[in-house]
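Spelled out, the chains give:
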Amino acid sequence: MARTRLIVPLVLFALGFGFLAIRLISIGAFGEMREGASYVAAAPRDYITGRADILDRNGVVLATNLLSPSLAARPRLISEPETVADKIVAILPDLNRVEVLNKLKSSSHHVWIKRKLSPREVWQINSLGEPGLELEQEEKRTYPHGPLAAHVLGYVGVDNQAFAGVERFFNDHLSDPLRVNEPLVLSLDIRVQHILRQELKVYMDKFSAKGAAGLIMDAQTGEILALSSLPDFDPNDYTGAGRDQMFNKVTQGVYEMGSGFKAFTVAMALESGVVDLEGGYDATEPLKVDRFTIRDDHAKKRWLSVPEIFTYSSNIGTALMARDIGAERQRAFLRKIGMMSEPSIELSGVASPLLPRQWGEVEMMTVSYGHGIAITPLQLASGVAALVNGGRHIPATLLRQGDGDRHRADPSGQSRHLSRVISEKTSRTMRDLMRLAVQYGTGRQADVQGYRVGGKTGTAEKPGKGGYREKDLVSSFVGAFPMNNPQYVVFAMLDEPRGIEETFYYATAGWTAAPLVGSVIEKVGPLLGVMPEKEQDPGLAHFILTSADGGTKNR
């Protein structure tokens, strides 16, 4: 009878130890995840909520997820919260002791102390041997290149919520657990991005500018190979960044672009037949319009041909050209080339242009040379790309376009429609004119031997209380190369540069932004596989009547 009675507890003990053994094997093999005070079995890695990687056009990782331990506490298991709080703050000095102590004394089952610890911090916390402290594995979004492409990528918060950039625009794709193994491939080339940002920083410091911005675009596909805005921020640690650092000047800033707009005026005049290359306008005297007077920065005081008006950046000649075009045709052309509406690109928070409240004769003339209308640098670059690529307006994109499928719908569901804005004949003429402006005009310091650079300078005074601030300039240059078959458009802008002795204390675009673009092209040309070629005389050089002083103040 005694042996029979012992069998029952023995069976119960065997069942209990068997259950514990099975449970230990389960934990050892599959791990466990804690959620509040309950326990749930760990899911396979493919089902852990994360974000897909972001790659550049060559497969270089721009954003990815790494496992990063976070510190949590079980307050009910901590017997001496004051002592533990002191130890934690000694290891993590950025934490507030009072806040840590309040968490350790709370009645919660689980509290977060600090998310995303470094390996050294993990080792130090483990060395405390405190059973009430726990290190839990989480995923941390990491940007290996730091601030290099911050304004394109954006950033995510501590719980992977997306803020700004492509992180936000493509959040549905990047945060979808079923697409975590499908990386988002951008059009950026991180090598080109590095060169652009580096040169912007060099010239920003050289001319003591408040900021700088630039982009490099494929003129044939609309792909953005590089886009940078300075000052910038590190998306790995964005908490201390100010508004100026977060602000993307290329897509969120709108500026009066000055003489860069003259390219559109000349193109629309040639396309509409208002004037031809044999024609021109009398720029002998300043032009009086209503109560305003339009002057040339470095007046020739003579009749100027159309190529000379563009090359020497004549405000008078451009305004007279606009008068012949008329306000209706001017608005229609600017609308067609994308200057009248928000630009299309895969970023959130893109700015809309600031247009004149009324479009009378004065506004029509000032708009012709880039005043009275404010646009984003992206719009200017996209418009110039259409002038040089054969006349096709191609929306800018941050996505790599597939061979033979270069204008497909992007992952956001938006179709990329192309429209013809000028004829191929007018486009060829504009390429020659832009080349002349670099060889003989305001953009001479952008010239790079063998690359046939063409472009246009733009200098505009910034508006302020009571009018324009004469010394506070936005100096920019938009160029393309090689002009016999343009492949790339390069834009650079300096915000409030200051003249130096080397530039005779001029801060206008010909002295500041033009050499910046030339330096960028000199470095990225070989990288992009553009082979230098022997220079040929431009077909329109005979239209230019040069003078002893070179005819320009590099405006």
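Residues numbered from 1 in each chain as written. Predicted model: local features only at pLDDT ≥ 70, side-chain atom pairs only at ≥ 80, totals over all residues. Heavy atoms only, no water.

Some thoughts on helix H10 (residues 262–272)
Here is the rule: The buried label goes to any residue with under 20% of its type's maximum accessible area, the exposed label to any with over 50%, and the partly exposed label to all in between, with areas taken from a 1.4 Å probe on protein chains only. The helix and strand labels rest on DSSP assignments: H or I over at least four residues marks a helix, E over at least two residues marks a strand, and numbering proceeds from the N terminus.
Of all 11 residues making up H10, nine are buried, and the element is well covered by its neighbours. Among all positions in H10, only Lys262, Ala263, Phe264, Thr265, Val266, Ala267, Met268, Ala269 and Leu270 are buried. Following H10 by one or two positions, Gly273 has its phi on the positive side, about 80 degrees.

Details of the packing of helix H2 (residues 81–91) against helix H3 (residues 97–104)
The cut-off we apply is this: Axis definition: a line fit to C-alpha positions, over the contact stretch in the case of helices; interaxial angles, taken between N-to-C directions, run 0 to 180 degrees. For classification purposes, angles smaller than 35 degrees are called roughly parallel, those larger than 145 roughly antiparallel, those between 65 and 115 roughly perpendicular, and all remaining angles oblique. Take the far helix as your reference; a near helix turned counterclockwise from it by less than a right angle gives a left-handed crossing, and one turned clockwise gives a right-handed crossing. Contacts are residue-level and defined by heavy atoms, with any inter-residue pair within 4.5 Å sufficient. Amino acids are sorted into nonpolar (Ala, Val, Leu, Ile, Met, Phe, Trp, Tyr, Cys and Pro), charged (Asp, Glu, Lys and Arg) and polar (every other residue, Gly among them).
At a minimum axis separation of 9 Å, H2 and H3 run at an interaxial angle of 135 degrees. Classed by the angle they form, the pair H2 and H3 counts as oblique. Crossing hand, H2 versus H3: right-handed. Residue-level contacts link Pro81, Glu82, Val84, Ala85, Asp86, Ile88 and Val89 of H2 to Arg97, Val100, Leu101 and Leu104 of H3. Looking at the contact of H2 with H3, its residues break down into eight nonpolar, no polar and three charged.

Some details on the side chain of Asn315
Threshold: A 3.5 Å cut-off defines polar contacts: any pair of N or O atoms within that distance qualifies, except that in protein one atom must be a possible hydrogen donor and the other a possible acceptor, and neighbouring residues in sequence count only when both atoms are side-chain atoms.
In this fold, Asn315 is placed in helix H12 (residues 315–325). A distance of 3.0 Å separates a polar atom in the side chain of Asn315 from the backbone oxygen of Arg295. Non-local contacts of Asn315, meaning those with residues more than four positions away in its chain, are made with Ser259, Lys262, Ile294, Arg295, Asp296 and Tyr369.

Quick notes on the confidence of the model for the chain
What counts here: Each residue gets a pLDDT score, which is the predictor's confidence in that residue and runs from 0 to 100.
Mean pLDDT over the chain stands at 88; residues scoring 70 or higher make up 89%. In the predicted structure, residues 32–48 sits below a pLDDT of 50 and forms 24 contacts with residues beyond four places in sequence or in another chain. Every residue in residues 404–415 is under pLDDT 50, and counting partners more than four places away or in other chains gives 24 contacts.

Here we look at the pairing of strand S10 (residues 211–218)
Rule in force here: In this description, strands pair whenever DSSP reports at least two bridges between them.
Along S10, eight of the eight residues are buried, which leaves the element largely enclosed by surrounding structure. Across the two faces of S10 the burial is the same, with Gly211, Ala213, Leu215 and Met217 and Ala212, Gly214, Ile216 and Asp218 all buried. The pairing of S10 with strand S11 (residues 224–230) spans six bridges and is antiparallel. Residue pairing for S11: Ala212 is matched across the bridge by Leu230. Linking S10 to S11, which pair antiparallel, is a turn of five residues; within it Gly222 sits at a positive phi near 85 degrees.

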